[in-house]
Amino acid sequence: YSLDFDGVSDRVDVGTSLNLGINSTISLWVKRDNVGVVEVVLGEDSYAFDYLLLFNTDNSIFFRINTISLQFKRIDGAIRTIMNQTTSWVNVVVVRTGDSAELFLNGNSMQTISGFGVSVDTRFDIIGSKPDGSFATNALIDQVAAWNTNTITPSDIYNGGNPPNLVTLNPTSCWKMGENATYVEN
């Protein structure tokens, strides 16, 4: 089960901005309908440009903490290759450790970037677009989870391509999308 975001007006408002601190883990599963477009997957209205996680036109991934936006884009093109397809589910995990963030795709470390500082927390308040609905995601999204710790193992989240019941990993918040959807907050 998942939610099918139409790229026009669909989004999930998580209410008050979820504050995960400076050590955090964010995970989601996505199956894109379009590639080569700008899509905000996680929005945050208190940040400059209103997003935390953005898929770019070149199929790279931007991660933003307030005014600092850095791009995951390996020179060998591995991130772009994985994100430039519409046939398979991709598990996207970003683990922030203070000043740096590491991107995992399908349980594998892709790249670590640094330069975020340690004075602004990791936050988001919208799934599927910016808070105003712009740059909406056109994709299936499932199993969005967030932890206020950086000790969750991304390979446990990926679980060989079969997402486990993420509640067993004690997330700070978890959104099981689609039919029989649930929201869990610890």
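Provided above is the structure to which this section pertains.
Residues numbered from 1 in each chain as written. Predicted model: local features only at pLDDT ≥ 70, side-chain atom pairs only at ≥ 80, totals over all residues. Heavy atoms only, no water.

(A) Highlighting the environment of glycine 43. Looking at the element boundaries, glycine 43 is found in strand S4 (residues 39-43). The spatial distance from the C-alpha of glycine 43 to the C-alpha of valine 12 is 9.9 Å, given a sequence separation of 31 residues. Not counting residues within four places of it along the chain, the set of residues in contact with glycine 43 comprises Asp50, Tyr51, Leu52, Phe124, Asp125, Ile126, Ser129, Lys130 and Pro131. (Helix = DSSP H or I, 4+ residues; strand = E, 2+ residues; numbered from the N terminus. Contact = heavy atoms within 4.5 Å.)

(B) Region of interest: the sheet that holds strand S2 (residues 12-19). Here six strands make up an open sheet; going across it, the order is S2-S11-S4-S5-S6-S7 and the pairing antiparallel. The open sheet has two edge strands, S2 and strand S7 (68-72), and neither has a second partner. The average angle at which neighbouring strand axes cross in this sheet is 25 degrees, direction not considered. Here four bridges tie S4 to strand S5 (residues 51-55), and the two strands are oriented antiparallel to one another. Each bridged residue has a counterpart across the sheet, and for leucine 42 the counterpart in S5 is leucine 53. (Pairing = 2+ DSSP bridges. Axes fitted to C-alpha atoms, helices over the stretch in contact; angles between N-to-C directions.)

(C) Just unusual backbone geometry, in detail. In this model, asparagine 159 sits at a positive phi of 55 degrees, which is unusual for a non-glycine residue. With respect to the helices and strands, asparagine 159 occurs in the loop between helix H2 (154-158) and strand S13 (173-176). Despite not being glycine, asparagine 170 has its phi angle at roughly 55 degrees, a positive value. With respect to the helices and strands, asparagine 170 occurs in the loop between H2 and S13. What makes asparagine 170 exposed here is its relative accessible area of 56%. (Buried < 20%, exposed > 50% of the residue type's maximum accessible area, 1.4 Å probe, protein only.)

(D) Main features of the nonpolar core. Core analysis: the biggest nonpolar cluster contains 38 residues, and Phe124 and Ile127 have the highest contact counts within it. With four residues, the top contributor of residues to this core is strand S12 (residues 138-147). When neighbours within four sequence positions are excluded, phenylalanine 124 is seen to be in contact with Val14, Ser17, Leu18, Leu20, Ile26, Leu42, Gly43, Glu44, Leu52, Ala146 and Trp175. (Core = buried A, V, L, I, M, F, W, Y, C linked by side-chain atoms within 4.5 Å.)

(E) Quick peek at the pattern of salt bridges. Within the structure shown, the criterion is met by three salt bridges. One salt bridge connects aspartate 58 with arginine 80, and the closest N-O pair in it is separated by 2.9 Å. With a gap of 22 residues between them, aspartate 58 in the loop between S5 and strand S6 (61-65) and arginine 80 in helix H1 (residues 78-83) connect regions that are remote in the sequence. A residue is classified by how much of its surface remains accessible, and arginine 80, at 30% relative accessible area, is partly exposed. A salt bridge links aspartate 76 to arginine 74; its shortest N-O distance comes to 2.4 Å. The class for arginine 74 is partly exposed, based on a relative accessible area of 25%. (Salt bridge = Lys/Arg side-chain N within 4 Å of Asp/Glu carboxyl O.)

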